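Here is how the chains run, residue by residue.
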Amino acid sequence: MKPFSLLVKPVGAACNLACDYCFYLDKAALYPNGPAVMPDTVLDRLLESYLALPFDSFSITFQGGEPLLAGTGFYRRVAETVKRHLRKGAKANVAVQTNATLMTSEMTRLMADEGWLCGVSADGPAAVHDAHRRTQSGEPTYEAVARGIALLREAGCEYNVLALVTRENVGDPARTYRHLRDNLGGKWQQYTDYREGISPEEWDRFLCGILDTWLADGDPGRVSVRNIDSAIAFVERGMAAQCIFSDRCDGYFVVERNGDVYPCDFFVSERTLLGNVTRDGWEALCANPLRQSFASTKCPRHLSRIPRMRFYERIAELR
């Protein structure tokens, strides 16, 4: 069996914010009467079955909605369950992708003690970030995110910063990059394009601007940008560190809070439901014809764009 990772939605689409570009909020309609938080019986079955697979390394990311709504107690149970089921010699990489506004000292200490990675969503300076990332009552959130990051740094917890590229920051990649690095301590960064808001050409120029700034500031070896790292791995070794570089999308499963399994969090719907971890084994889920069909049809459109992007040409020229 080919190794895969898990993207777990412990509270589904529930979130304390109302970001106007969120692609997952409307998924709440799929589970109008489901549990608010993944039940312990589902969590235990999920982790026990996954960690029993013959892999040397396991990867589990908790995401939302806002995964911190599950509470610190939930993540203490995660840590205990992983330790209980992880066999000797194997490694489990656990991460939490959060907006950080609900971060507490208790949670940061837990993540630091367990060696978990925290991913924080932040789009740049306050005016840029707050243009889209607001509370449900319309209040800005940048300062709350900055406080959450301060708690992570105080606890010595490793974290990265994930920025969505929108109309507000696409024209100034240098400012965005330096703000994430200098103001938010983003030594590990990642950028995602908001395809409904910017064109492929703008996205290409933005990535080139990030590359230019990274080089001009002498940051190779000091700051990791996943977009650059992944492009280098693809150009040098043909390695698909992100699904955009692969001809198949079968590197992970999404698990909703009731145990339902999907092939991709961008394609969670009734027609892409593969099964449920409480009744279906991973071999059957991997072999599901629906997953096989999805895996072979999603990614080729990404690969077709890559040769036309100046960013990848620039990466090849650097090597």
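The structure this text deals with has already been given above.
J.: How should I be thinking about the sheet that holds strand S3 (residues 91-98) in this particular structure?
T.: Hydrogen bonding along the main chain pairs the strands of a sheet, whether they run parallel or antiparallel. Spatially, ten strands are ordered S7-S6-S5-S4-S3-S2-S1-S8-S9-S10 in an open sheet, and the strand pairing comes out mixed. The open sheet is flanked by strand S7 (224-225) and strand S10 (275-276), the only strands paired with a single partner. With six bridges joining them, strand S2 (residues 57-62) and S3 adopt parallel strand pairing. Residue pairing for S3: Phe58 is matched across the bridge by Ala92.

J.: Got a minute to help me understand the packing of helix H6 (residues 173-182) against helix H7 (residues 200-216) in this structure?
T.: Angle between the axes and distance between the axes are the two parameters that describe a pair of packed helices. Following both chains from N to C, one finds H6 and H7 inclined at 55°, their axes separated by 8 Å at the closest point. Put simply, H6 runs oblique to H7. Regarding H6 and H7, the two cross each other, and that crossing is right-handed. Between H6, through Pro173, Ala174, Thr176, Tyr177 and Arg178, and H7, the contact on the second element is made entirely by Phe206, Gly209, Ile210, Thr213 and Trp214. A per-class count over the contact of H6 with H7 returns six nonpolar, three polar and one charged.

J.: I would appreciate a short explanation of the packing of helix H1 (residues 40-51) against helix H2 (residues 72-85) in the present structure.
T.: Where H1 contacts H2, the two axes come as close as 10 Å, and the packing angle between them is 35°. Where H1 crosses over H2, the two elements pack in a sense that is right-handed. Here H1 contributes Asp40, Leu43, Asp44, Leu47, Glu48 and Leu51 to the contact with H2, which in turn contributes Phe74, Arg77, Val78, Thr81, Val82, Arg84 and His85. In the contact of H1 with H2, the residues fall into six nonpolar, two polar and five charged.

J.: Help me understand the layout of surface pockets in this model?
T.: Regions of empty space are outlined by a rolling probe, equal in size to a water molecule, passed over the atoms. In this structure, the second largest pocket occupies an estimated 160 Å³ of space. If you go around the second largest pocket, the residues you meet are Arg153, Cys157, Glu158, Tyr159, Arg181, Gly185, Lys187, Trp188, Arg222 and Val223. Of the residues contributing to the lining of the second largest pocket, the split by class is four nonpolar, one polar and five charged.

J.: What exactly am I supposed to notice about the pattern of salt bridges here?
T.: Where charged atoms from two side chains of opposite charge come close, those side chains can pair. In the structure shown here, the tally under the stated rule is 17 salt bridges. With a closest N to O distance of 2.7 Å, Asp44 and Arg84 form a salt bridge. Taken together, the residues span a long stretch of sequence, with Asp44 in helix H1 and Arg84 in helix H2 at a distance of 40 residues. Classification of Asp44 as partly exposed rests on a relative accessible area of 23%. For the salt bridge of Arg314 with Asp212, the shortest nitrogen-to-oxygen distance reads 2.6 Å. Of this pair, Arg314 sits in helix H12 (residues 310-318) while Asp212 sits in helix H7, and the two are 102 residues apart along the sequence. The class for Arg314 is buried, based on a relative accessible area of 17%. In this structure Asp212 comes out as partly exposed when scored by relative accessible area, which is 37%.

Cut-offs applied
- Per-chain numbering applies: the sequence of each chain, read as written, is numbered from 1 onward.
- At least 70 in pLDDT is required for a residue's local features to be given in this predicted model, at least 80 for side-chain atom pairs to be given and counted, and no such filter applies to totals for whole chains, interfaces and linings, which use all residues.
- Side-chain metrics in this entry use all non-hydrogen atoms of the structure; hydrogen atoms and water are not considered.
- We treat two strands as partners when DSSP finds at least two bridges between them.
- Counting from the N terminus, the helices are the DSSP runs of H or I reaching at least four residues and the strands are the DSSP runs of E reaching at least two.
- Lines fitted to C-alpha atoms define the axes, with helix axes restricted to the stretch in contact, and inter-axis angles between N-to-C directions lie between 0 and 180 degrees.
- Convention used here: angles under 35 degrees read as roughly parallel, angles over 145 as roughly antiparallel, angles from 65 to 115 as roughly perpendicular, and any remaining angle as oblique.
- Working rule for handedness: look at the near helix, and if it is turned counterclockwise from the far one by less than a right angle, call the crossing left-handed; if clockwise, right-handed.
- Note on contacts: a residue pair qualifies if any of its non-hydrogen atoms lie within 4.5 Å across the two residues.
- Residue polarity is assigned by list, with Asp, Glu, Lys and Arg as charged and Ala, Val, Leu, Ile, Met, Phe, Trp, Tyr, Cys and Pro as nonpolar; anything else, Gly included, falls into the polar class.
- Lining residues are those with an atom within 4 Å of a point, where the points come from a 1 Å grid over the protein atoms alone and group into cavities, where a 1.4 Å probe fits but cannot get out, or pockets, open sets with protein on both sides within 12 Å along at least five of seven lines.
- Grid points are joined across faces, edges and corners, and a volume is the space filled by probe spheres set on the points.
- Note on definitions: salt bridges are taken to be side-chain nitrogens of Lys or Arg within 4 Å of carboxyl oxygens of Asp or Glu.
- Relative accessibility under 20% of the residue-type maximum defines a buried residue, over 50% an exposed one, and the middle range a partly exposed one, all with a 1.4 Å probe and only protein chains included.

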